[in-house]
Amino acid sequence: MNYRHGFHAGNFADVFKHVFLTRILAYLARKGTPFRVIDTHAGAGEYDLASEEAVRGGEWQDGIGRLADAGDLDVRARELLRPYLEIVGPLRADGPPARYPGSPRIVQAMMRGQDRVTFCELHPQTFADLRANFRRDARIACLNLDGYIGLNAGVPPKERRGLVLIDPPFERTDEFDAALNALRSAHEKWPTGTYALWYPVKDASAIARFATAIVESGIRRVLRLELAVEAPLAGGKLARAGLILINPPYVLEEEAAILMPALARKLARTAQTGILREWLAGE
Ligand SMILES: C[S@@+](CC[C@H](N)C(=O)[O-])C[C@H]1O[C@@H](n2cnc3c(N)ncnc32)[C@H](O)[C@@H]1O
């Protein structure tokens, strides 16, 4: 377990994932009844972009750094990005924001008094940081365990509505299999929950096999989004990332139709951007 998200915090893939996280949470918060979030691979919760890791990685510059000026986007895209950008806080054209929020900070910012959340994080030091960041919030439980075990134990939540975010580091070669197994058994126990799985696109054939396996699992209402900011793995850097969304809010497809081109335009490293938006499985 060597993965340290601090190197990547605020990069294009984080922006993409976190924007859609805020859209799902905004939808869940439309109703007064409580919701539950289970974040299986939570990370530390927030990241100091002036830290040695973040400076060495420098990836935020091609991510959140590109949104310092979102004023040229169409008004609908700006409106949909607003909750995300408000949580990130003021952006400067000449340097990083003081801190970049990880998924836990974003969830915390958008949950209400009646909502509950479970964050799982396996890495001991990262877990210590996570717990220190959230220990004063009684709505939040931080668990130092494998996220797939935490997920299995946590579904169905008593709230019966909510989101599971699965955002693994993809260090293990069998991560797609592990994620699919976890999704399958969680979905069997809680078929109405919303699930969001983030994945990097490094090996197109592995992704194709994964997509086929999802279709063959029989899970319905599966939306797949992918965003490419340059040609595949140009210069060895991650250039394409995806989200598998099960039971996305009904407004999400339309929101994605507005947001994906806007994100591609802002985050493009070269002219070779790409967007994929397709239902792997319908109703
Ligand atoms: C991509 S990062 C998470 C980023 C976070 N979701 C965010 O959006 O800010 C993946 C995290 O999973 C942790 N991790 C690795 N294996 C894990 C496991 N089996 N269960 C839970 N966490 C794990 C890593 O230590 C790392 O902090």
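See the structure printed just above.
Our subject in this report is the structure included herewith. Note that this is a predicted model, so its numbers are computed, not measured. (Residues numbered from 1 in each chain as written. Predicted model: local features only at pLDDT ≥ 70, side-chain atom pairs only at ≥ 80, totals over all residues. Heavy atoms only, no water.)

Here we come to the pairing of strand E4 (residues 116–120). The element E4 is extensively covered by neighbouring structure, given that four of its five residues are classed as buried. Of the pairings in the sheet, the one linking strand E1 (residues 36–39) to E4 comprises four bridges and is parallel in character. Of the residues in E4, the one forming a bridge with Val 37 is Val 117. Read as a crossover between parallel neighbours, the route from E4 over helix H5 (residues 124–134) to strand E5 (residues 140–143) is right-handed. (Buried < 20%, exposed > 50% of the residue type's maximum accessible area, 1.4 Å probe, protein only. Helix = DSSP H or I, 4+ residues; strand = E, 2+ residues; numbered from the N terminus. Pairing = 2+ DSSP bridges. Right-handed = clockwise from strand over helix to strand, strands pointing away.)

Here His 187 is to be found in helix H7 (residues 175–189). As for His 187 and Arg 277, which are separated by 90 residues in sequence, their C-alpha atoms are 22 Å apart. With sequence-adjacent residues up to four places away left out, His 187 is seen in contact with Tyr 195, Ile 219, Ile 246 and Asn 247. (Contact = heavy atoms within 4.5 Å.)

Now for the sheet that holds E4. If you walk across this open sheet you meet the eight strands as E5-E4-E1-E6-E7-E9-E8-E10, and the pairing is mixed. The open sheet has two free edges, formed respectively by E5 and strand E10 (274–281), since each of these has just one partner strand. Neighbour-to-neighbour, the strand axes of the sheet open up by a mean angle of 15 degrees, direction not taken into account. For strand E7 (residues 194–200) and strand E9 (residues 240–246), the ladder comprises six bridges, and the chain directions are antiparallel. Along E9, the bridge assignment pairs Ala 196 with Leu 245. The strands touched by helix H6 (residues 147–154) are E1, E4 and strand E6 (162–166); relative to E6, the strand with the most contacts, the crossing angle is about 160 degrees. (Axes fitted to C-alpha atoms, helices over the stretch in contact; angles between N-to-C directions.)

Note on placement: Asn 247 falls in the loop between E9 and helix H9 (252–267). Between the C-alpha atom of Asn 247 and that of Pro 168, which follows or precedes it by 79 residues, the distance is 20 Å. Those residues in contact with Asn 247, other than ones at most four positions away along the chain, are His 187, Pro 191, Thr 192, Gly 193, Thr 194, Arg 220 and Arg 221. Here the side chain of Asn 247 touches Pro 191 through a polar contact of 2.8 Å, landing on its backbone oxygen. (Polar contact = N/O pair within 3.5 Å; in protein donor to acceptor, adjacent residues only side chain to side chain.)

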